[in-house]
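Secondary and tertiary structure notes
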Amino acid sequence: MFDALTDRLNDVFRNMRGRGKITEDNVREVMRDVRTALLEADVHLDVVKSFVKEVTDKALGAEVVKTLHPEQVMVKIVNDELINLMGPIDSRIPWVAGGPTIILMAGLQGSGKTTTCAKLAKYCLDRDKKSMLVAADLKRPAAIDQLEVLGEQLGVPVHAERGHKNAVKVCRNGVGIAQKKLIDVVILDTAGRLSIDDELMTEIANVSRAVSPHQIYLVLDAMTGQDAVNTAKNFNERLELDGVILTKFDSDTRGGAILSVKSIVHKPIKFIGVGEKLDRLDEFHPDRMASRILGMGDIVSLVEQAQQQVDVEEAAKLEAKMKKGDLSLDDFVKQMDKVMGGRSLKDMLKMIPGVGGMMRDTDMKIDEGEITRMKAIVSSMTPKEKTDPKLLNASRRRRIARGSGADVEDVSGLCKQFIQARDMMKAMAGMGMRDRMKFGTQFAQQSMAGGKMPSFKAKTKPKFKPGRKDRRKARKRRSR
Amino acid sequence: MGLFDKLKSALGKTRDKVVSSFKTVLPFGRKIDEDLLDDVYDTMIQDDFGPATADRLVDAVRTAWKAGDIAESQDIITHLKQHIVAQWPPAHRDLAKADTGPTVILVAGINGSGKTTSVAKLANYLKKQGKKVALAACDTYRAAAVLQLTEWSRRCGVDIIKHDQGADPGAVAYDACEAAVARKADILLVDTAGRLHTQDNLMRELNKIQRVVEKKIPGAPHEVLLVLDATSGQNAITQARSFSEHVTVSGIILAKLDGSAKGGIIVGIRDQLDVPVKFVGLGEQIDDIEPFDPETFVEALFAE
Ligand SMILES: Nc1nc2c(ncn2[C@@H]2O[C@H](COP(=O)(O)OP(=O)(O)OP(=O)(O)O)[C@@H](O)[C@H]2O)c(=O)[nH]1
Ligand SMILES: [Mg+2]
């Protein structure tokens with residue numbers, strides 16, 4: 001759904017990469033494009049303006065100039081700001097102890113209230129909570145029938161009073177019945193209304209006053225344009241919302257409303273609707289949404305890691321070495337261990353923007369045993385051999401194999417791999433993003449075809465597949 | 001109340017609440033400069049024109065200003081009005097009509113955009129013109145959708161052809177065409193289920209409905225009307241494009257124009273696709289529909 005925005009940002013950052021360093025002019029130019037991309041995504045104008053200012057300030061303030069890949073740092077800044085804009089969010093529903101939790105649903109016509117009510121009932125069902133639906137949309141023809149059909153599908157009771165005109169009464173009665181029947185959650189479906197329709201806004205305010213709901217949610221179509229903010233503001237003025245549920249997220253909308261609502265109305269997005277079926281209601285996670293907006297794989301965590309583990313100076317040195325192509329095996333293994341530790345080559349390549357999607361089916365693992373073995377191999381080399389593995393003839397390889405307890409084949413494989421990687425890095429150091437992506441895939445294919453190698457192995461069935469415990473260990477180590 | 005007043009009053013309601021409307025950014029007699037053009041751009045964005053269209057229109061204004069054709073804020077409104085209105089020539093806005101037999105109008109759109117209500121309004125509108133109208137309930141998917149249309153058919157006093165929920169919408173369309181011919185209906189309005197333009201299987205289903213209609217009645221469907229929600233943002237352009245790829249969209253109904261959104265997306269859509277707007281929806285009641293009139297639309301957009 002965010003594809004188009006992602007593409008735009010990708011383009012923007014790709015162009016930037018071509019320029020090498022970030023200057024104030026660069027940043028401003030890039031941010032003009034980001035601004036257009038966000039407007040195309042229906043982010044509210046005011047939000048776009050402050051977002052762009054915020055990011056520009058941060059980018060100019062940060063030491064992006066010195067870093068390995070300035071565009072990656074920019075991505076991280078944009079990403080962090082996006083998360084800021086949408087979060088923090090607690091998407092759980094605060095249940096009320098010892099009485100029905102009353103949830104009032106409100107929104108414009110056609111936003112998806114009725115379906116979302118049923119989805120919430122399903123959500124309750126899955127959590128062993130008894131829920132009841134109240135049909136208080138007394139305006140749209142067959143709205144009551146619609147809710148009854150959905151209730152029946154779920155086996156959830158529906159309170160309806162046909163022929164009634166007074167939504168306040170219907171809701172009050174519904175809540176009363178729920179209390180008697182020891183229902184855990186009452187969900188009130190109301191008629192769609194325009195936020196500028198005074199009469200109907202007064203009606204729903206009266207409903208709210210009559211039943212004092214514990215949670216009031218605004219249901220908003222994710223495809224809404226600039227008006228999303230006005231609507232949310234108006235509803236919030238009359239109802240004091242507790243959250244917003246965005247619907248129809250399974251479309252290709254870029255969903256700018258999501259960015260706007262929290263920052264202007266200061267109400268969290270609680271859930272997103274991602275399909276017509278009643279189980280298609282997801283909790284909302286700002287971080288996931290932000291990386292979805294950016295669609296840049298794990299680049300953010302790569303940058304985070306790199307920042308933690310490789311300090312700026314060292315990175316600069318490394319970059320220089322990479323460029324000249326005189327990276328040593330020592331550097332290589334050290335870097336692999338630091339940046340990749342426990343990660344598969346696939347993961348590593350996924351971090352390069354644009355490569356992720358192409359890598360789906362390959363399963364190339366580099367396990368911790370192999371890293372250890374590589375370290376052992378390298379430590380059995382002389383300093384000269386470390387910088388110039390071409391020196392390694394058969395007898396030297398045998399010596400190293402003996403010294404490190406590895407196979408001769410492993411030693412050969414590592415050398416070959418290292419030379420390949422060094423060439424790749426040398427080439428990549430001077431490349432734009434697009435070329436890097438191409439290169440990355442080629443490299444992956446080569447490694448796959450490369451047969452027996454100690455690292456970067458292409459396996460259909462990996463010798464060692466990290467179990468959940470190992471992965472958790474690896475994650476812990478990375479996050480340290 | 002005529003369309004103009006209705007629109008104006010609907011738009012007027014929000015006008016007061018919106019901080020920067022054309023009225024406030026374009027005070028009478030203000031000399032044009034880049035700041036003013038920025039304000040015009042911002043206002044267009046807030047009206048959902050979208051950045052590309054807003055850019056294009058502001059560029060046009062700038063060119064006219066640089067050329068000395070316009071000088072003050074009020075000229076901008078006149079200039080834009082001409083520019084925008086010219087995009088919708090009157091001939092494009094009439095409903096097509098069958099030479100003989102029933103005219104079939106297929107109504108499609110995403111979920112909740114206002115299809116069923118628009119079908120009801122159109123039925124009423126055409127019936128008032130003395131046409132014999134029948135409805136086809138091809139939304140067999142959404143809960144109680146058939147009941148909803150049935151209720152409208154009762155209120156309008158027009159025929160409805162329907163199957164049970166869950167039936168094949170193609171089969172309903174088939175029966176509806178036969179019934180429309182047999183009962184000598186002038187107009188057959190086909191309501192369809194809401195579907196996202198990204199749901200390929202459902203878009204193919206829509207195409208199948210169109211093909212059934214094509215086979216049953218030569219020349220049909222005479223109109224395929226896409227119902228767009230006036231509150232929607234730039235995604236509406238994608239909707240219009242995708243629906244056009246699957247069925248022969250011949251016009252747009254812009255529903256919910258009585259809300260606080262101004263429906264600026266149709267300007268953007270007109271910029272990119274050759275699909276005219278035929279009707280606007282202005283409320284939930286059966287009479288709340290008007291043929292689209294670009295003069296009035298733009299007038300109301302810039303009204304003080
Ligand atoms: N204010 C206003 N509401 C409208 C307008 N047209 C439709 N509605 C309302 O929008 C809601 C959805 O309308 P429907 O006609 O059921 O929409 P639909 O596209 O058929 O919906 P699905 O079949 O569920 O996809 C209803 O509450 C209508 O009353 C309009 O022009 N103005
Ligand atoms: Mg419908």
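The structure presented is a predicted model; accordingly, all values stated were derived computationally and were not measured. (Residues numbered from 1 in each chain as written. Chains lettered and ligands numbered in written order. Predicted model: local features only at pLDDT ≥ 70, side-chain atom pairs only at ≥ 80, totals over all residues.)

Here's the deal with the sheet that holds strand β6 (residues 251-255) of chain B
All names here are of chain B. Reading across the sheet, the 8 strands line up as β3-β2-β4-β1-β5-β6-β7-β8 and stay open at both edges, with mixed pairing between neighbours. Edge positions in the open sheet fall to β3 (159-161) and β8 (289-291), since each of these has one partner strand only. Strand-to-strand, the axes of this sheet are offset by a mean angle of 25 degrees, without reference to chain direction. (Pairing = 2+ DSSP bridges. Helix = DSSP H or I, 4+ residues; strand = E, 2+ residues; numbered from the N terminus. Axes fitted to C-alpha atoms, helices over the stretch in contact; angles between N-to-C directions.)

As for the domain arrangement of chain B
Split by domain assignment, chain B resolves into domain 1 (3-89) and domain 2 (99-302). A separation of 31 Å is found between the C-alpha centroids of domain 1 of chain B and domain 2 of chain B. (Domains from an automatic or database assignment.)

Concerning the sheet that holds strand β2 (residues 131-136) of chain A
Sheet strands pair by backbone hydrogen bonding; their relative direction is either parallel or antiparallel. Residues and elements named next belong to chain A. A sheet is described by the order of its strands in space; here 8 strands give the open sequence β3-β2-β4-β1-β5-β6-β7-β8, paired in mixed fashion. Taken across any chain shown, the strands that pair with only one partner, and hence form the sheet edges, are β3 (158-159) and β8 (281-283). Of the pairings in the sheet, the one linking strand β1 (residues 101-107) to strand β5 (residues 215-221) comprises 5 bridges and is parallel in character. Pairing of Ala-106 across the sheet is with Leu-218, part of β5. Contacts from helix α5 (residues 113-126) reach β1, β2, β4 (185-190), β5, β6 (243-247), β7 (269-273) and β8, with the element oriented near 170 degrees to β4. Running at roughly 160 degrees to β5, helix α9 (residues 227-239) makes contact with β1, β5 and β6 of the sheet. (Contact = placed C-beta atoms within 7 Å.)

Things to note about unusual backbone geometry
Among all residues except glycine, the phi angle is most often negative; among peptide bonds, the trans geometry is most common. A cis amide bond, omega -10 degrees, links Ala-220 of chain B with the succeeding residue Pro-221 of chain B. Looking at where Pro-221 of chain B falls in the secondary structure, it is placed in the loop between α9 (200-216) and β5 (223-229). With a phi close to 50 degrees, Glu-240 of chain A is a non-glycine residue in the positive phi region.

As for the site of ligand 1
Neighbouring ligand 1 are 26 residues; Gln-109 of chain A together with Thr-116, Thr-117, Gly-194 and Gly-281 of chain B lie closest to it. Residues near ligand 1 are shared among chains A and B, making this a multi-chain site. Among the elements that line the shell around ligand 1, the one with the most residues is helix α6 (residues 115-128) of chain B, at 3 residues. Across the shell around ligand 1, the residue classes tally to 4 nonpolar, 14 polar and 8 charged. (Near = placed C-beta within 6 Å. Nonpolar A, V, L, I, M, F, W, Y, C, P; charged D, E, K, R; others polar.)

Re helix α7 (residues 167-180) of chain A
All names here are of chain A. Here α7 spans 20 Å end to end across 14 residues, near enough to the 20 Å set by a 1.5 Å rise per residue. Within α7, the full set of buried residues consists of Ala-167, Val-170, Cys-171, Gly-174, Val-175 and Ala-178. The buried residues of α7 occupy an angular sector of 130 degrees when the element is viewed end-on, so they sit on one face. Structurally, α7 contributes buried residues whose contacts are with β1, β2, β3, β4 and α8 (198-211). (Expected span 1.5 Å × (residues − 1). Buried ≥ 20, exposed ≤ 12 C-beta atoms within 10 Å, placed from the backbone. Arc of directions from axis to C-beta.)

A few points about the environment of Lys-130 of chain A
Residues and elements named next belong to chain A. Examined against the element boundaries, Lys-130 turns out to sit in the loop between α5 and β2. Owing to 17 C-beta atoms within 10 Å, Lys-130 belongs among the partly exposed residues under this scheme. Taking the C-alpha atoms as reference, Lys-130 lies 9.3 Å from Pro-157; in sequence the two are 27 residues apart. If near-sequence neighbours (up to four positions away) are discounted, Lys-130 is found in contact with Ile-183 and Asp-184.

Some thoughts on the interface of chain A and chain B
Facing the 34 residues of chain A at the interface are 34 residues of chain B. Among the elements that line the side of chain A that touches chain B, the one with the most residues is helix α6 (residues 143-154) of chain A, at 4 residues. Per-class residue counts for the side of chain A that touches chain B are 10 nonpolar, 15 polar and 9 charged.

As for the nonpolar core
If you look at the biggest cluster of nonpolar residues, it comprises 180 residues, and the most contacted ones within it are Val-186 and Ile-187 of chain A together with Leu-188, Leu-189 and Val-190 of chain B. With 8 residues, the single largest contributor to this core is helix α4 (residues 70-86) of chain A. Among residues more than four places away in sequence, those in contact with Ile-187 of chain A are Ile-103, Met-105, Cys-117, Leu-120, Ala-121, Ser-131, Leu-133 and Val-134 of chain A. One finds Leu-329, Val-333, Ile-377 and Cys-415 of chain A within the second-largest nonpolar core, a separate group that totals 14 residues. (Core = buried A, V, L, I, M, F, W, Y, C linked by C-beta atoms within 7 Å.)

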